[in-house]
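# Fold and contact review
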Amino acid sequence: MKKYGVNELRKMYLDFFASKGHLVMKSFSLVPHNDNSLLLINAGMAPLKPYFTGQEIPPRTRVATCQKCIRTGDIENVGKTARHGTFFEMLGNWSLGDYFKKEAISWSFEFLTKVLNIPVNRLAVTVFAGNDVVPFDEETYNLWRSLGIPDERIARTSDDNFWIAGETGPCGPDSEMFYWRSDDEIPKVFDPEDKRWVEIWNDVFMQYEKKADGTVIELPKKNVDTGMGVERTTAILEGVNDNYASSIWRDVIEKIEEISGKSYKDDYLSMRIIADHIRTSVFILGDDAGVVPSNTDRGYILRRLIRRMIRHARKLNIDLNSDFEVTLAELIINKYSKYYEELSKNKERIIDELTKEKVK
């Protein structure tokens, strides 16, 4: 497989879905619009919820985005594993009452195998097995078989393959695509619990509505919500098992090594935390919503990230009187501002708030 940098992968994905009739939209703000259920956007589909619910009319029934997202629910795991992070880019394509399973699945497969050239023998999928209310997703199963995925590489699961935002509302089965990220011999039968299989793509088929009494009815207009994580896919394409060893992080980690005088293997935990938290802080501060450190809500999340970064900088014996945070922030701004123009536009605020928070 060829290796692609983050900017190249992002462009390839969006260009591919533009060729399939999708309107490519810029990332929405990290701060939800008219949605009090979230402090920060945590998934590619989150800003599009008004289109799915019918509150707003979409600009087109086929849409593709690269959405900036933040998840801090498992912040304590950042650094401890090779995959956890607080900020990530989610590539997604959506059908808003337009195409459905056949197109979504075939395009997912085409992009992975024809554009990214991932070998088919390293792919496996899951499909919804059905439950007492919703039947087995036979259509999705048959579509994967028609594309050349053998039966032993299709796992039928129930708990992990049905999506709903809450207790009621739009819902439906989903199908996840997995990649074999190991030099070990690939097992003939796919086991999604085997950690050597890594999920890289998810297609959600919102075809039902769940009522308060537990009944499920067919939606008159069916929607598709898909997602592929940039960080995880980049690591897979580059053949590394540590997301922080990919090209997305390499320059940041190398700069932390230079500043601290230590190597990644000396204290990878602190280096991962510093790298992750400074990038997330830059994106929150660079967002046009104007979030700054505080003791409540989004501002508290930001403050916690910056202070946790500083604590681990101290562990690496980095001189806190230096402008290490400015050096790292500028590196990230320069890398991402070509696509996220708000970072360069708000650079002064980013640097100012990071510096002020460090000296408090």
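Please read all numbers here as calculations on a predicted model, not as lab measurements. For every chain, the first residue of its written sequence is number 1, and the numbers climb from 1 along that sequence. Reporting of local features is limited, given that this is a predicted model, to residues whose pLDDT is at least 70; pairs of side-chain atoms are given and counted only at 80 or more, and all residues count toward the totals for whole chains, interfaces and linings. For the side-chain quantities, the full set of heavy atoms in the structure was used; hydrogens and water were omitted.

### Digging into the side chain of Ser270
In this description a helix means any DSSP run of H or I spanning at least four residues, a strand means any run of E spanning at least two, and both kinds are numbered starting from the N terminus. Within the fold, Ser270 resides in helix H7 (residues 268–286). Nitrogen and oxygen atoms within 3.5 Å of one another constitute a polar contact, given that in protein one can donate a hydrogen and the other can accept it, and given that sequence-neighbouring residues count only through two side-chain atoms. Polar contacts involving the side chain of Ser270 include one to the side chain of His312, which spans 2.9 Å. Pairs of residues are marked as contacts when any of their non-hydrogen atoms sit within 4.5 Å. Here Ser270 is in contact with His312, Lys315 and Leu316, once residues within four sequence places are set aside.

### Some remarks on helix H6 (residues 247–260)
Spanning 14 residues, H6 covers 20 Å between terminal C-alpha atoms, matching the ideal 20 Å at 1.5 Å per step. Buried means the residue's accessible area, taken with a 1.4 Å probe over protein chains only, is under 20% of the maximum for its type, while exposed means over 50%, and partly exposed covers the values in between. Turning to H6, its buried residues are Ile248, Trp249, Val252, Ile253, Ile256 and Ser260. Along the long axis of H6, the arc covered by the buried residues comes to 100°, so they all point the same way. Where H6 ends, the next residue or the one after it, Gly261, has phi of about 75°, a positive value. Multiplying one less than the number of residues by 1.5 Å gives the expected span of a helix. The arc in question is the one spanned by the directions pointing from the helix axis to the C-beta atoms.

### Let's talk about helix H11 (residues 347–359)
Between the first and last C-alpha of H11 there are 19 Å, a value that for 13 residues agrees with the 18 Å anticipated at 1.5 Å per step. Those residues of H11 that fall on the buried side of the exposure criterion are Ile350, Ile351, Glu353, Leu354, Glu357 and Lys358. Buried residues along H11 sit in contact with H7, helix H8 (297–315), helix H9 (324–336) and helix H10 (341–345).

### Some details on the packing of aromatic side chains
Pairing of aromatic side chains requires ring centres within 6.5 Å, counting the rings of Phe and Tyr and the six-membered ring of Trp. Pairs whose planes differ by under 30 degrees are stacked, by over 60 edge-to-face, and all others tilted. Inspection of every chain in the model, using the stated rule, returns 21 aromatic pairs. On the basis of an interplanar angle of 75° and a centroid distance of 5.4 Å, the ring pair of Tyr13 and Phe111 is categorised as edge-to-face. One end of the pair, Tyr13, is in helix H1 (residues 6–18); the other, Phe111, is in helix H3 (residues 101–115), with 98 residues separating them in the sequence. The class for Tyr13 is buried, based on a relative accessible area of 0%. Overall, the relative accessible area of 0% leaves Phe111 in the buried class. Aromatic side chains Phe111 and Trp201 sit 6.0 Å apart centroid to centroid with 55° between the ring planes, which places their arrangement in the tilted category. Here Phe111, found in helix H3, pairs with Trp201, found in strand E8 (residues 197–210); they are 90 residues apart in sequence, far enough to count as distant.

### Points about the pairing of strand E5 (residues 154–157)
In this analysis, strands are considered paired if DSSP registers two or more bridges between them. Alignment of strand E4 (residues 123–128) against E5, held across 4 bridges, turns out to be parallel. Opposite Phe128, over in E5, you have Thr157 as the bridge partner. With respect to chirality, the unit in which E4 leads through helix H4 (residues 138–146) into the neighbouring parallel E5 is right-handed. Every crossover in which the path from the first strand over the helix to the second runs clockwise, viewed with the strands pointing away from the viewer, is termed right-handed.

### Here we look at the nonpolar core
Inside soluble globular proteins, nonpolar side chains tend to come together where they are buried. With 87 residues, the main nonpolar core has Leu116, Trp144, Trp201 and Val282 as its most contacted residues. It is H7 that contributes the most residues to this core, 9 residues altogether. With residues up to four places along the chain from it excluded, the contact list for Trp201 reads Tyr13, Phe17, Asn93, Ser108, Phe111, Leu112, Ser175, Glu176, Met177, Thr226, Gly227 and Met228. Membership of the second largest hydrophobic core comes to 10 residues, among which are Met45, Tyr51, Val204 and Met206. Here the nonpolar core consists of buried residues drawn from Ala, Val, Leu, Ile, Met, Phe, Trp, Tyr and Cys, with membership extended through side-chain atoms lying within 4.5 Å.

### Topic: the pattern of salt bridges
Salt bridge, as applied in this entry: a Lys or Arg side-chain nitrogen positioned within 4 Å of an Asp or Glu carboxyl oxygen. This model, assessed by the stated rule, comprises 28 salt bridges. A salt bridge links Asp15 to Lys11, with the nearest nitrogen and oxygen atoms 2.6 Å apart. Pair noted here: Asp15 and Lys11 are both in helix H1, with a separation of 4 residues, about one helical turn. Notably, a salt bridge pairs Glu341 with Lys26, separated by 3.9 Å at the nearest N-O pair.

### Structural notes on the packing of H7 against H9
Orientation is described by lines fitted to C-alpha atoms, with helices fitted over the stretch in contact, and by angles between N-to-C directions that extend from 0 to 180 degrees. Contact geometry for H7 and H9: axes closest at 10 Å, N-to-C directions at 65°. Where H7 crosses over H9, the handedness of that crossing is right-handed. Along its contact with H7, which presents Ile274, Ile278, Arg279, Val282 and Phe283, the element H9 presents Glu325, Leu328, Ala329, Ile332, Ile333 and Tyr336. For the contact of H7 with H9, the per-class residue count stands at 9 nonpolar, no polar and 2 charged. Here a crossing is taken to be left-handed if its near helix is turned anticlockwise relative to the far helix by less than a right angle, and right-handed if that turn runs clockwise. Three classes are used, and their members are as follows: Ala, Val, Leu, Ile, Met, Phe, Trp, Tyr, Cys and Pro are nonpolar, Asp, Glu, Lys and Arg are charged, and the others, Gly among them, are polar.

The values are spatial; any link to function lies outside them.
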